[in-house]
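# Topology and contacts: notes
So the chains spell out like this:
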Amino acid sequence: MTERIPVAGPWITDLEVEYAADAARNGWYSSASDYLTRFEAAVAAYVGTDFAVAVPHCTAALHLGLAAADIGPGDEVVVPDLTWIASAAPVTYVGATPVFADVDPETWCIGAESLQAVVTSRTRACIPVDLYGSMPDMDLLLATAERYELFVLEDAAEAIGSKFRGRQAGSFGHASALSFHGSKTVVTGEGGMLLTSDEHIHGRVMRLRDHGRSPGDRLFVNEEVAFKYRMSPVQAAIGLAQITRVAELVERKRLLFRWYTEEFVDTPGVTLNPQPEGLEPSFWMTTCIFDAELGVSTEDLIRFLDGAGIDSRPFFRPLSSLPAYDGDPQAILARRRNINAYRIGISGINLPSAGSLTRDQVHRVAEAVKHFIYGRHR
Ligand SMILES: *Cc1c(COP(=O)(O)O)cnc(C)c1O
């Protein structure tokens, strides 16, 4: 029986285990923040921001970013229709309205034009998402956002290691968010980070994430009612080991993508992750979309792969199509408007992209996909 191929998964070495064990033994009381401080400093240095704040998950980082910018009821926040719901849910947490913009087929991300198309007098912020490690043309997007004085919160959960014109994902906009969920490129189990170089945003985040206490407060004086969003030292210890190894983790993702590219060179109608000019993607997950002419049902394909011992996932469905937004007036508008999101989102799957994958396993996956999409017609 051949081994099952997982769709995602971390790459853990003795270093992570050593640091985690040390944090479990020693990371308490006055030493509790040692790993956190080192982890935050290492991520800030890698991405290139002045500040980094470790939080329990990326969802919390996005929530804090919006709260720190005073986004609230009556405000509209533009998010791409094609993303994980965590990009949009925090907009609802602060009482604002998510507006689902279409994506650009060249990048699978929100672009300057799709942003422009949905801006109104109530738009206060935009959350561009670096989908599967792709990125929008940040120069154009940020120029458009600036024209409308929008707060830009980059959701770089899937993109650590990607670069746009030489600059790291997570360094664009007023603030950004990373995820260290177990499925992501750099993992802490659950975990996230808010990054910014804006002193005011950083100050607000530091207070809002600790029940309204000022950093360093020892008298338990809460200055406002806020949130409790902190990461534990054991998670930070794993994260520090991972960020020390980030170059090889990202290189591994790129290698997997190159292997899949070799496998799919002669497969008409199959398109892998976009590689627009100016972008060096980190390919969090190698993803393929199928031309409509192939008539591929992604649900049937996922079931077929499952039967062959291969785990895969569907491309994110447009948020506006989900039951969570049934009856939402913005979702109704989005369903009519977002042609690209609806074309791309139903026509693709994520291929296995775990760090542990071998060349042979990638071949096995590609053969199974090809058998499914072409075999049936022969
Ligand atoms: C994983 C992910 C998140 C959320 O990350 P958590 O750490 O699970 O909260 C947010 N946005 C995108 C695009 C993601 O893929």
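Treat the numbers as computed from the prediction; the structure is a model and nothing was measured. For every chain, the first residue of the written sequence is number 1, and numbering continues from 1 along that sequence. Under the rules for a predicted model, residues below a pLDDT of 70 receive no local features and side-chain atom pairs below 80 are neither given nor counted, while totals for whole chains, interfaces and linings still include all residues. Water and hydrogen atoms were dropped before computing side-chain values, which therefore reflect all heavy atoms in the structure.

## Things to note about the site of the ligand
Near the ligand there are 14 residues, and of these Thr 59, Asp 155, Glu 158, Ser 179 and Lys 184 occur at the shortest range. For the ligand, an oxygen atom lies 2.9 Å from a polar atom in the backbone of Cys 58. Polar contact is the term for a pair of N or O atoms within 3.5 Å; when the atoms are in protein, one must be able to donate a hydrogen and the other to accept it, and sequence-neighboring residues count only if both atoms are side-chain atoms. At 2.4 Å, a side-chain N or O of Glu 158 approaches an oxygen atom of the ligand. Contact with the protein chains covers 92% of the free accessible surface of the ligand, which is 380 Å². The distinction between a cavity and a pocket rests on a 1 Å grid over the protein atoms alone: a 1.4 Å probe fits inside a cavity but cannot get out, while a pocket stays open yet meets protein on both sides within 12 Å along at least five of seven lines, and a residue with an atom within 4 Å of a point counts as lining. Grid points define the cavity or pocket, and a molecule sits in it when more than half of its atoms lie within 2 Å of them. When each cavity is represented as a set of grid points, the ligand is found to reside in the second largest pocket. When its residues are assigned to classes, the shell around the ligand shows five nonpolar, six polar and three charged. The near set for a molecule or strand comprises every residue that places at least one heavy atom within 4 Å of it. The protein chains shown are the only cover counted for residues, whose accessible areas, like all others here, come from Shrake-Rupley with a 1.4 Å probe. Side-chain classes follow a simple rule in which Ala, Val, Leu, Ile, Met, Phe, Trp, Tyr, Cys and Pro form the nonpolar group, Asp, Glu, Lys and Arg form the charged group, and the remainder, Gly included, forms the polar group.

## Focus on the layout of surface pockets
For the largest pocket, the calculated volume is near 810 Å³. Strands here are runs of E lasting at least two residues and helices are runs of H or I lasting at least four, both read from the DSSP assignment and numbered beginning at the N terminus. Listed by contribution, the elements that provide at least two residues to the lining of the largest pocket are helix H2 (34-47), strand E1 (51-55) and helix H7 (199-208). Residues belonging to the lining of the largest pocket are distributed by class as follows: twelve nonpolar, seven polar and eight charged. Grid points are joined across faces, edges and corners, and a volume is the space filled by probe spheres set on the points. Put simply, the second largest pocket is a space of about 500 Å³.

## Quick look at the pairing of strand E3 (residues 97-101)
A 1.4 Å probe rolled over the protein chains alone gives each residue an accessible area, and that area as a share of the maximum for its type sets the label: buried under 20%, exposed over 50%, partly exposed in between. Within E3, four of the five residues are buried, which leaves it mostly tucked inside the rest of the structure. Being paired, for any two strands, means DSSP has found at least two bridges between them. Alignment of strand E2 (residues 76-80) against E3, held across five bridges, turns out to be parallel. In the strand pairing of E3, Glu 76 is matched with Thr 97.

## Section: the pairing of strand E12 (residues 287-290)
Burial along E12 is two-sided: the residues Thr 287 and Ile 289 and Cys 288 and Phe 290 are all buried. Direction of pairing for strand E10 (residues 270-272) relative to E12: antiparallel, over a ladder of three bridges. Bridge pairing in E12 links Thr 271 to Ile 289. Two strands pair when backbone bridges link them, and E12 and strand E14 (residues 348-350) are joined in this way by three bridges, in the antiparallel orientation. Residue pairing for E14: Cys 288 is matched across the bridge by Ile 349.

## Topic: the nonpolar core
The biggest cluster of nonpolar side chains holds 45 residues, and the ones touching the most others in it are Phe 39, Val 43, Val 78, Leu 115, Leu 178, Phe 180 and Met 193. Counting only elements with at least two residues in this core, the list comes to helix H1 (14-26), H2, E1, E3, helix H6 (138-147), strand E9 (192-196), helix H8 (233-244) and helix H9 (246-263). No other element matches H2, which puts six residues into this core. Residue contacts are counted whenever heavy atoms from the two residues lie within 4.5 Å of one another. Not counting the four nearest positions on each side in its chain, Phe 39 is found in contact with Phe 180, Thr 188, Met 193, Met 231, Ala 236, Gly 239, Leu 240 and Ile 243. Counting residues in each nonpolar core, the second largest holds 37 residues, with Ala 69, Ile 201, Ala 226 and Tyr 229 among its members. Remark: nonpolar core denotes a set of buried residues (Ala, Val, Leu, Ile, Met, Phe, Trp, Tyr, Cys) joined through side-chain atoms within 4.5 Å.

## Here we look at empty space enclosed by the protein
Scanning the entire structure with this criterion turns up one cavity of 30 Å³ or more. In this structure, the largest cavity spans a volume of roughly 70 Å³. Taken together, Gly 9, Pro 10, Trp 11, Lys 184, Thr 185, Leu 249, Arg 252, Lys 253 and Gly 355 make up the full set of residues lining the largest cavity.

## Here we look at the sheet that holds strand E7 (residues 167-168)
The three strands are arranged E7-E6-E11 in an open sheet whose pairing can be described as antiparallel. Because the sheet does not close on itself, it has two edges, and the strands there are E7 and strand E11 (279-280). The sheet contact formed by strand E6 (residues 163-164) and E7 spans two bridges and is antiparallel. Looking across to E7, one finds that Lys 163 is bridged to Gln 168.

## So, the packing of H2 against H8
As a rule, the C-alpha atoms of each element are fitted with a line to give its axis, helices using only the stretch in contact, and angles between N-to-C directions run from 0 to 180 degrees. Running from N to C, H2 and H8 point in directions that differ by 35 degrees, and their axes come no closer than 8 Å. For H2 against H8, the interelement crossing comes out left-handed. Between H2, through Tyr 35, Leu 36, Arg 38, Phe 39, Ala 42, Val 43 and Tyr 46, and H8, the contact on the second element is made entirely by Pro 233, Ala 236, Ala 237, Gly 239, Leu 240 and Ile 243. Its residues assigned to classes, the contact of H2 with H8 comprises eleven nonpolar, one polar and one charged. Two helices crossing with the near one rotated counterclockwise from the far one by less than a right angle form a left-handed crossing, whereas a clockwise rotation gives a right-handed crossing.

## Some details on the side chain of Ser 320
In this structure, Ser 320 sits in the loop between strand E13 (313-314) and helix H11 (329-337). Of note is the side chain of Ser 320, whose polar atom sits 2.7 Å from the side chain of Asp 81. Apart from the residues within four sequence positions on either side, Ser 320 is in contact with Asp 81, Phe 100, Ala 331, Ala 334, Arg 335 and Tyr 342.

## Brief notes about the packing of aromatic side chains
Whether two aromatic rings pair depends on their centres lying within 6.5 Å, for rings of Phe, Tyr and Trp, where Trp uses its six-membered ring; planes under 30 degrees apart make the pair stacked, over 60 edge-to-face, and the rest tilted. One pass over the structure, following the stated rule, counts 13 aromatic pairs. Plain terms: the ring middles of Tyr 19 and Tyr 35 are 5.7 Å apart, the flat faces sit at 45 degrees to each other, and that makes the pair tilted. Taken together, the residues span a long stretch of sequence, with Tyr 19 in helix H1 and Tyr 35 in helix H2 at a distance of 16 residues. Here Tyr 35 falls in the buried class, since its relative accessible area comes to 8%. An aromatic cluster of three or more residues is present, and its members are Trp 84, Trp 108, Tyr 132, Trp 284, Phe 315 and Phe 316. Here, a charge over a ring means that NZ of Lys or CZ of Arg falls within 6 Å of the ring centre while also lying within 35 degrees of the ring normal. The cationic tip of Arg 167 hangs over the ring face of Phe 172; the distance from NZ or CZ to the ring centre is 4.2 Å.

## Points about the sheet that holds E2
With mixed pairing, the seven strands of this open sheet are ordered in space as E1-E9-E8-E5-E4-E2-E3. Strands with a single pairing partner mark the edges of an open sheet, and in this sheet they are E1 and E3. In this sheet, neighbouring strand axes are inclined to one another by 25 degrees on average, regardless of whether the strands run parallel or antiparallel. For strand E5 (residues 151-155) and strand E8 (residues 175-179), the ladder comprises three bridges, and the chain directions are parallel. Residue pairing for E8: Asp 155 is matched across the bridge by Ala 177. Packing of H11 onto the sheet brings it into contact with E2 and E3, and relative to E3 it is tilted by some 5 degrees.

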